[in-house]
Amino acid sequence: MAWKSDFPFFAAHPELTYLDSAATAQKPQAVIDRLTAYYVNDNANVHRGLYQLAYATTEKFETVRQQVADFVGVAAHNVVFTRGTTESLNLVATSFGPLVVGDGEIVTTVAEHHSNFIPWQQLAQRTGATFKVIRARENGDVALADVLATITPKTKLVALAHVTNVTGALRDIRTIADAVHAVGGYLVVDGAQAVPHLPVKIADLKADFYAFSGHKVYGPTGIGVLVGRTQLLEQMLPLQFGGEMIDQVSIDESTWAPVPLKFEAGTPNIAGVIGLGAALTYVTSIDWDTRQQQEQQMLLRLRRGLAAIIGVTLYGDDDSVGAVSFNLAGVHPHDLATFLDEQNIAVRAGHHCAQPLMLQLKIPATVRASVGLYTDEADIDRLVAGVEAARRFFNE
Ligand code: PMP
């Protein structure tokens, strides 16, 4: 498979079947080379130095901001660099949340990642707002009709994932955004599992805030993005104060730099930003349709293979994006993952940072296999054979 050879990780681990890209994706050579070139050629602090190298590096840094903006269909000043999805969502909950929730309702779902659940739970507890959590249907995700029915004239904030990390359920963000806006509320979208798999245009989706992580879209760890509507970012107070986020500072008062810089106090993750730029260049060099088809074929092959094994329960639907969650009757998910690990198959087992969903489904955990653009049929077939071997080993 052509794309696998772009990732030196697989040459370093020829024996490994890596099916945990939802946790973090492997990095193409182009990203690794760009990080090395950054430290060899470009290392200087940004937005500060008055020498040519510092100007040039600042320009490269800001060029990536424009590249991210183009990638997700917004303007550069809408793009705030953060450490990741978690930091992006916490920034919105802490800085924007109190401006709008009042004694209204905050709506989320039982199937969210903890990083898009706890910040809203805590915001509700701090402010006295009502915390409404939509329950999942049997397949492990909420139904659109249930989301729409939960939104009322008291709804101030709705927070949900574009694609969920347990079952890969894809939500109809545009329809939900219209419903939220019709009652004067705001929509916060966790895009961590969507951006690696789908072309995302945030302005078309009409999300007010949209968060994602660099490391899941083939970029470095420690870099993420918060996209916000200009007017909303302007209303928000920065959470961190320090260098490069100010306009004027005197003994008595301080004023802030314009958005997005007022949210980026201190030396940013410059290498992370540069590496993210290289990752997006790599991703956009591949045709979306071809890639989506490839990933979808791998997931369907996996669902079919697993469904044919006695005792396997599959969560999610055939149109799930990026991941398949499953369990094997009579085998604890952790034991199954350990058995697979002994055969050099890396999958995730656990609650996937979604304990409320596990509680509702009355299961301790699931096994999750997730794909990237490098996942091929051999990877899928090895996992299916591994699960069948586990069934025989544990049950016969
Ligand atoms: N939301 C979802 C849906 C995720 O899958 C993840 C990563 N597992 C996160 C948020 C958190 O992302 P990060 O750890 O990169 O901040």
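Residues numbered from 1 in each chain as written. Predicted model: local features only at pLDDT ≥ 70, side-chain atom pairs only at ≥ 80, totals over all residues. Heavy atoms only, no water.

Participant: Looking at this model, I keep getting lost on the pairing of strand 2 (residues 79-82). Mind explaining?
Facilitator: The two faces of the sheet receive side chains in turn, since in a regular strand these alternate between them. Burial of the side chains of strand 2 extends over both faces: Val 79 and Phe 81 are buried on one face and Val 80 and Thr 82 on the other. Relative to strand 8 (residues 224-228), strand 2 is paired through four bridges, and the arrangement is antiparallel. Along strand 8, the bridge assignment pairs Phe 81 with Val 225. (Buried < 20%, exposed > 50% of the residue type's maximum accessible area, 1.4 Å probe, protein only. Helix = DSSP H or I, 4+ residues; strand = E, 2+ residues; numbered from the N terminus. Pairing = 2+ DSSP bridges.)

Participant: Please clarify how the sheet that holds strand 11 (residues 312-314) should be interpreted in this entry.
Facilitator: What holds strands together in a sheet is hydrogen bonding between their backbones, with the strands either parallel or antiparallel. Taken together, the four strands give an open sheet; going across it, the order is 11-12-15-14, and neighbouring strands pair in antiparallel fashion. Every other strand in the sheet has two partners, leaving strand 11 and strand 14 (348-350) as the edge strands with one partner each. For this sheet, the mean angle separating the axes of adjacent strands, direction not counted, is 30°. The sheet contact formed by strand 12 (residues 323-328) and strand 15 (residues 366-370) spans four bridges and is antiparallel. What sits directly across from Val 324, in strand 15, is Ala 369. Against the sheet, helix 14 (residues 377-395) contacts strand 11, strand 12 and strand 15, and its axis sits at roughly 15° relative to strand 12. (Axes fitted to C-alpha atoms, helices over the stretch in contact; angles between N-to-C directions. Contact = heavy atoms within 4.5 Å.)

Participant: Looking at this structure, I do not really get the domain arrangement of the protein chain. What am I missing?
Facilitator: By a widespread convention, an interface's size corresponds to the accessible area lost as its parts come together. Domain boundaries assigned for the protein chain yield domain 1 (31-284) and domain 2 (287-395). Placing the centre of domain 1 and that of domain 2 at their C-alpha centroids yields a distance of 29 Å. Domain 1 puts 27 residues into the contact, and the matching count from domain 2 is 28 residues. Summing the contributions of domain 1 and of domain 2, the shared interface buries around 2400 Å²; its carbon and sulfur component is 58%. Between the two partners, domain 1 and domain 2, sit zero salt bridges. At the surface where domain 1 touches domain 2, the tally comes to 15 residue pairs in polar contact (both at pLDDT 80 or more). Of the residues assigned to the side of domain 1 that touches domain 2, the class counts are 15 nonpolar, eight polar and four charged. (Domains from an automatic or database assignment. Buried area = accessible area lost by both parts, 1.4 Å probe. Salt bridge = Lys/Arg side-chain N within 4 Å of Asp/Glu carboxyl O. Polar contact = N/O pair within 3.5 Å; in protein donor to acceptor, adjacent residues only side chain to side chain. Nonpolar A, V, L, I, M, F, W, Y, C, P; charged D, E, K, R; others polar.)

Participant: How do you make sense of the site of the ligand when you look at a structure like this?
Facilitator: Around the ligand, the surrounding shell consists of Gly 84, Thr 85, Thr 86, His 113, Ser 115, Asn 165, Asp 190, Ala 192, Gln 193, Ser 213, His 215 and Lys 216. Gln 193 has a polar side-chain atom sitting 2.6 Å from an oxygen atom of the ligand. A distance of 2.8 Å is found between a nitrogen atom of the ligand and a side-chain nitrogen or oxygen belonging to Lys 216. For the ligand, the protein covers 85% of the area, taking 400 Å² as the surface of the free molecule. Taken together, the residues of the shell around the ligand break down into one nonpolar, nine polar and two charged. (Near = heavy atom within 4 Å. Areas by Shrake-Rupley, 256 points an atom, 1.4 Å probe, with all protein chains shown as cover.)

Participant: Just checking my understanding: could you explain the pattern of salt bridges for this structure?
Facilitator: When the charged atoms of two side chains with opposite charge come close together, those side chains can pair. Under the definition given, this model contains 22 salt bridges. Note that Asp 318 and Arg 303 form a salt bridge whose closest N and O atoms lie 3.2 Å from each other. Of this pair, Asp 318 sits in the loop between strand 11 and strand 12 while Arg 303 sits in helix 11 (residues 288-307), and the two are 15 residues apart along the sequence. For Asp 318, a relative accessible area of 51% gives the class exposed. What makes Arg 303 buried here is its relative accessible area of 6%. Here the salt bridges share partners, and the residues they tie into one network are Lys 4, Asp 376, Asp 379 and Arg 382.

Participant: Got a minute to help me understand the packing of helix 12 (residues 333-342) against helix 14 in this structure?
Facilitator: Two quantities define a packed helix pair, namely the angle between the axes and the distance from one axis to the other. At their nearest, the axes of helix 12 and helix 14 sit 10 Å apart, and the two run at 120° to each other. Of the possible angle classes, the one that applies to helix 12 and helix 14 is oblique. As for how helix 12 packs across helix 14, the hand of that crossing is right-handed. Here Asp 335, Leu 336, Phe 339 and Leu 340 of helix 12 come into contact with helix 14, specifically with Leu 383, Gly 386, Val 387, Ala 389, Ala 390, Phe 393 and Phe 394. (Parallel < 35°, antiparallel > 145°, perpendicular 65-115°, else oblique. Left-handed = near helix turned anticlockwise from the far one by under 90°.)

Participant: Quick question: what am I supposed to make of the side chain of Thr 155 here?
Facilitator: For Thr 155, the location among the structural elements is in strand 5 (residues 155-161). According to the relative accessible area criterion, Thr 155 is buried, its value standing at 0%. Separated by 3.1 Å, the side chains of Thr 155 and Glu 105 make a polar contact. Here the side chain of Thr 155 touches Thr 152 through a polar contact of 2.8 Å, landing on its backbone nitrogen.

Participant: Mind showing me how you'd approach the sheet that holds strand 7 (residues 209-213) here?
Facilitator: With mixed pairing, seven strands are arranged side by side in an open sheet as 2-8-7-6-5-3-4. Edge positions in the sheet fall to strand 2 and strand 4 (130-134), since each has one partner strand and no second. The mean angle between the axes of side-by-side strands here comes to 15°, regardless of whether they run parallel or antiparallel. Sheet topology places strand 6 (residues 186-190) next to strand 7; three bridges connect them, and they run parallel. Of the residues in strand 7, the one forming a bridge with Asp 190 is Ala 211. Lying on the sheet, helix 3 (residues 52-72) is in contact with strand 2, strand 7 and strand 8; it crosses strand 2 at an angle near 115°.

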